[in-house]
Amino acid sequence: MYYIVYALFYLISLLPWRVLYWISDLAYAIIYYVVGYRKQVVYNNLAIAFPEKTEAERKKIAKEFYHQFADTFVEVIKLVSISGKELEKRVKTDTEILNQLYAEGKNVQLLLGHFFNWEFANVAYARKLMHRFLVVYKPIENKAFNRLFLHIRSRFGTKLISSSNFKKEFTQQAVPPYALILVGDQNPGKPDNSYWFSFFGKPAPFVKGPELSARHNNTAVVFCSFYRVKRGYYDSKFYLYTTEPKSLPEASITKAMIAFIEAEVKARPANYLWSHRRWKWTFDPEKHGHLFK
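The text that follows walks through the structure, step by step, so that each part is easy to find. (Residues numbered from 1 in each chain as written. Predicted model: local features only at pLDDT ≥ 70, side-chain atom pairs only at ≥ 80, totals over all residues. Heavy atoms only, no water.)

Observations regarding the packing of aromatic side chains
In step 1: What the rule picks out here adds up to 34 aromatic pairs.
In step 2: Ring geometry for F9 against F145: centres 5.8 Å apart, planes inclined by 80°, an arrangement best described as edge-to-face. One end of the pair, F9, is in helix α1 (residues 2–13); the other, F145, is in helix α8 (residues 143–154), with 136 residues separating them in the sequence.
In step 3: Looking at F9, the relative accessible area reads 17%, which means it is buried.
In step 4: A ring pair is formed by Y32 and Y33, whose centres lie 4.8 Å apart and whose planes are at 85°; its orientation type is edge-to-face.
In step 5: The exposure class of Y32 is buried, given its relative accessible area of 3%.
In step 6: Within the aromatic cluster, the residues linked to one another by ring pairs are Y28, Y32, Y33, Y37, F65, Y66, F69, F73, F116 and W118.
In step 7: Just above the ring of W17 sits the side chain of K78; from NZ or CZ to the centre is 5.4 Å.
In step 8: Directly above the aromatic system of F206 lies the positively charged group of R278, at a separation of 4.2 Å from the ring centroid. (Phe/Tyr/Trp six-rings, centres within 6.5 Å; stacked < 30°, edge-to-face > 60°. Helix = DSSP H or I, 4+ residues; strand = E, 2+ residues; numbered from the N terminus. Buried < 20%, exposed > 50% of the residue type's maximum accessible area, 1.4 Å probe, protein only. Lys NZ or Arg CZ within 6 Å of the ring centre and 35° of its normal.)

Structural notes on the sheet that holds strand β1 (residues 108–112)
In step 1: Pairing is mixed across the open sheet formed by six strands, whose spatial order is β3-β2-β4-β1-β7-β8. The open sheet has two edge strands with one neighbour each: β3 (159–162) and β8 (233–242). Neighbour-to-neighbour, the strand axes of the sheet open up by a mean angle of 30°, direction not taken into account.
In step 2: Bridge analysis of strand β2 (residues 132–137) against strand β4 (residues 178–183) gives four bridges, and the strand direction is parallel. Bridge pairing links F133 to A179 in β4. (Pairing = 2+ DSSP bridges. Axes fitted to C-alpha atoms, helices over the stretch in contact; angles between N-to-C directions.)

Some details on helix α10 (residues 209–217)
In step 1: All buried positions along α10 are accounted for by P210, E211, S213, A214 and R215.
In step 2: Contacts from the buried residues of α10 go to β1, β4, β5 (195–199), β7 (220–230) and α11 (252–267).
In step 3: Two residues or fewer past α10, N218 is found with a positive phi of approximately 50°. (Contact = heavy atoms within 4.5 Å.)

Regarding the nonpolar core
In step 1: In this structure, L110, F133, F199 and W274 are the most contacted members of the largest nonpolar core, which totals 86 residues.
In step 2: For this core, the element with the highest residue contribution is helix α4 (residues 55–78), accounting for nine residues.
In step 3: Residues within four places of F133 in sequence aside, it is in contact with L110, N122, Y125, A126, G157, T158, K159, A179 and I181. (Core = buried A, V, L, I, M, F, W, Y, C linked by side-chain atoms within 4.5 Å.)

Examining the side chain of R215
In step 1: Note on placement: R215 falls in helix α10.
In step 2: Residue classification places R215 among the buried residues on the basis of a relative accessible area of 16%.
In step 3: One polar contact links the side chain of R215 to the main-chain carbonyl oxygen of P249, over a distance of 2.3 Å.
In step 4: Leaving out residues up to four positions away in the same chain, R215 has contacts with P245, K246, L248, P249, E250, A251 and S252. (Polar contact = N/O pair within 3.5 Å; in protein donor to acceptor, adjacent residues only side chain to side chain.)

A short note on the pairing of β3
In step 1: Judged from the four bridges that link them, β2 and β3 form a sheet pairing that is parallel. Note on β3: the bridge partner recorded for Y137 is S162.
In step 2: The parallel pair β2 and β3, bridged by α8, forms a crossover whose chirality is right-handed. (Right-handed = clockwise from strand over helix to strand, strands pointing away.)

Re the environment of K138
In step 1: By secondary structure assignment, the location of K138 is in the loop between β2 and α8.
In step 2: Relative accessible area serves as the criterion here: at 69%, K138 is assigned to the exposed category.
In step 3: Each C-alpha atom, one on K138 and one on G113, is 15 Å from the other, the two residues being 25 residues apart in sequence.

Quick notes on the side chain of D185
In step 1: Mapped onto the elements, D185 comes out in the loop between β4 and β5.
In step 2: In this structure D185 is buried but unpaired, with R278 as the nearest side chain of opposite charge at 5.4 Å.
In step 3: Reaching out from D185, the side chain makes a polar contact with the side chain of H114 at a distance of 2.8 Å.
In step 4: Look past the residues within four positions of D185 in its chain and what remains in contact with it is L112, G113, H114, F206, I261, Y272, H276 and R278. (Lys, Arg positive; Asp, Glu negative; His and termini not counted. Salt bridge = Lys/Arg side-chain N within 4 Å of Asp/Glu carboxyl O.)

Things to note about a positive patch on the surface
In step 1: Taken together, the side chains of R38, K138, R277 and K280 make up a positively charged region of the molecular surface.
In step 2: Assignment of secondary structure puts R277 in the loop between α11 and α12 (285–288). (Patch = residues over 30% accessible without salt bridge, like charges linked within 9 Å, V, L, I, M, F, W, Y side chains within 5 Å. Areas by Shrake-Rupley, 256 points an atom, 1.4 Å probe, with all protein chains shown as cover. Charge placed at Lys NZ, Arg CZ, Asp CG, Glu CD.)

A few points about the packing of helix α3 (residues 39–49) against α4
In step 1: Close contact between α3 and α4 brings their axes to 10 Å; oriented N to C, the two are set at 130°. With respect to their mutual orientation, α3 and α4 come out oblique. The handedness of the crossing between α3 and α4 is right-handed. Together, K39, V42, Y43, L46 and A47 of α3 and R58, K59, I61, A62, F65 and Y66 of α4 make up the contact between the two elements.
In step 2: Split by residue class, the contact of α3 with α4 holds eight nonpolar, no polar and three charged. (Parallel < 35°, antiparallel > 145°, perpendicular 65-115°, else oblique. Left-handed = near helix turned anticlockwise from the far one by under 90°. Nonpolar A, V, L, I, M, F, W, Y, C, P; charged D, E, K, R; others polar.)

Geometric values such as these leave the question of function open.
Pasting the structure below:
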């Protein structure tokens, strides 16, 4: 089954960009107007994040989000066969800070939010960085598609670490100097054992993993901005937060990361995964009050 799926995706990936974006436009119309995929979640999230905006303004953001959401799928398919030269033309990387940290022999932890298109960011930076490039991923239940995505994500040198077996695989893969990439706004499975912060004015839980990992390994922490310039073209900026996480107060890294993600989302509202249920859990002062930072 994998070879059938791979062959199909490979052939589709050979289509010109303009044809792939025609497919994306059709997918957008179906997802938004016909299926209404997570539409209520998207609009509820936007109402929380941007209460000052009018309903028409939030609807405009939602439509732009769904366009980018559909584009992400066809762009991922393109990654099956894209050349390094084509990738370099379409993604502007920012490696100065990371190269300096590499020269100093520092391990790095890169933190970002669910910004479009994170799959492009993965392969583009894996190709350019001198660090050993480690990315944590959540396995897909379908074995054929899981194998396909493993191939896509590792084409340019990324070392993938399963979130379900992180401790063992990280120990095996973390050969210094390495750069560990984590999407820091994942929804925690256990909100009673998470950091709680105000996110766009409403309490939300955040996993402790990125903070604890940075402290335990004393890695430099870098925040990552990745965003679309125009269809099929991306830019990025990296910001060094600290090289000594052990010296900082508890939860300060997570707090700074959240402020960074908020600022990025406000600057480019449609560039965020609004179908992600960021406020899935309800804050209970009695249960979570001591976890609120």
